[in-house]
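# Summary of structural features
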Amino acid sequence: QSQFVESGGGLVQVGGSLRLSCVASGFTLDYSAIGWFRQAPGKERKGVSCIRFNGVAKSYADSVKGRFTISRDNGKNTVYLQMNNLKPEDTGVYFCGRRSFYCSDFTEDFESWGRGTQVTVSS
């Protein structure tokens, strides 16, 4: 079964940092755009960042620009999300998903969801 395993979440204070990892299981990342998504309690899953299959193009939600950095290591079949200067509104479960080659603004265009990793930012 093709899916991701997300890890690296935890409890952190405002201004702290976390590095999330997303490891692909059952498929190779080489031809996939990978997106990181966040789901706060009672809210829809929303895109945070996305990286194109070749790593050339990256996109970020306005709320995380300048604080989050997405990267990928195809040799390790892993995508990372470095999160700095964390804020309480960054709290949620973080998931990664994939689609062929290019990023999309629409969550429903992605697949192969994992169980996510919880990020809690305390003030």
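In this text the structure is predicted, and so the values were computed from the model without any measurement. (Residues numbered from 1 in each chain as written. Predicted model: local features only at pLDDT ≥ 70, side-chain atom pairs only at ≥ 80, totals over all residues. Heavy atoms only, no water.)

## Remarks on the sheet that holds strand E4 (residues 32–39)
- Pairing within the open sheet is mixed, and its six strands lie in the order E2-E10-E9-E4-E5-E6. With partners counted over all chains shown, the strands left at the sheet margins are strand E2 (10–13) and strand E6 (58–60), one partner each. Each adjacent strand pair in this sheet contributes to an overall mean axis angle of 30 degrees, direction not counted. (Pairing = 2+ DSSP bridges. Helix = DSSP H or I, 4+ residues; strand = E, 2+ residues; numbered from the N terminus. Axes fitted to C-alpha atoms, helices over the stretch in contact; angles between N-to-C directions.)

## Considerations on the environment of Glu 108
- Within the secondary structure, Glu 108 is located in the loop between strand E9 (92–100) and strand E10 (117–122).
- Of the residues examined, Glu 108 reaches a relative accessible area of 65% and is grouped as exposed.
- For the pair Glu 108 and Gly 97, spaced eleven residues apart in sequence, the C-alpha to C-alpha distance is 9.8 Å. (Buried < 20%, exposed > 50% of the residue type's maximum accessible area, 1.4 Å probe, protein only.)

## Structural notes on the pattern of salt bridges
- Here the structure, examined in full by the defined rule, presents four salt bridges.
- The salt bridge involving Arg 38 is made with Asp 90; its shortest N-O contact spans 3.0 Å. On the criterion of sequence distance, the pair formed by Arg 38 in strand E4 and Asp 90 in the loop between strand E8 (78–83) and E9 is long-range, its members being 52 residues apart.
- Classification of Arg 38 by relative accessible area gives buried; the value is 15%.
- Members of the salt-bridge network, linked through shared partners, are Arg 38, Arg 67 and Asp 90. (Salt bridge = Lys/Arg side-chain N within 4 Å of Asp/Glu carboxyl O.)

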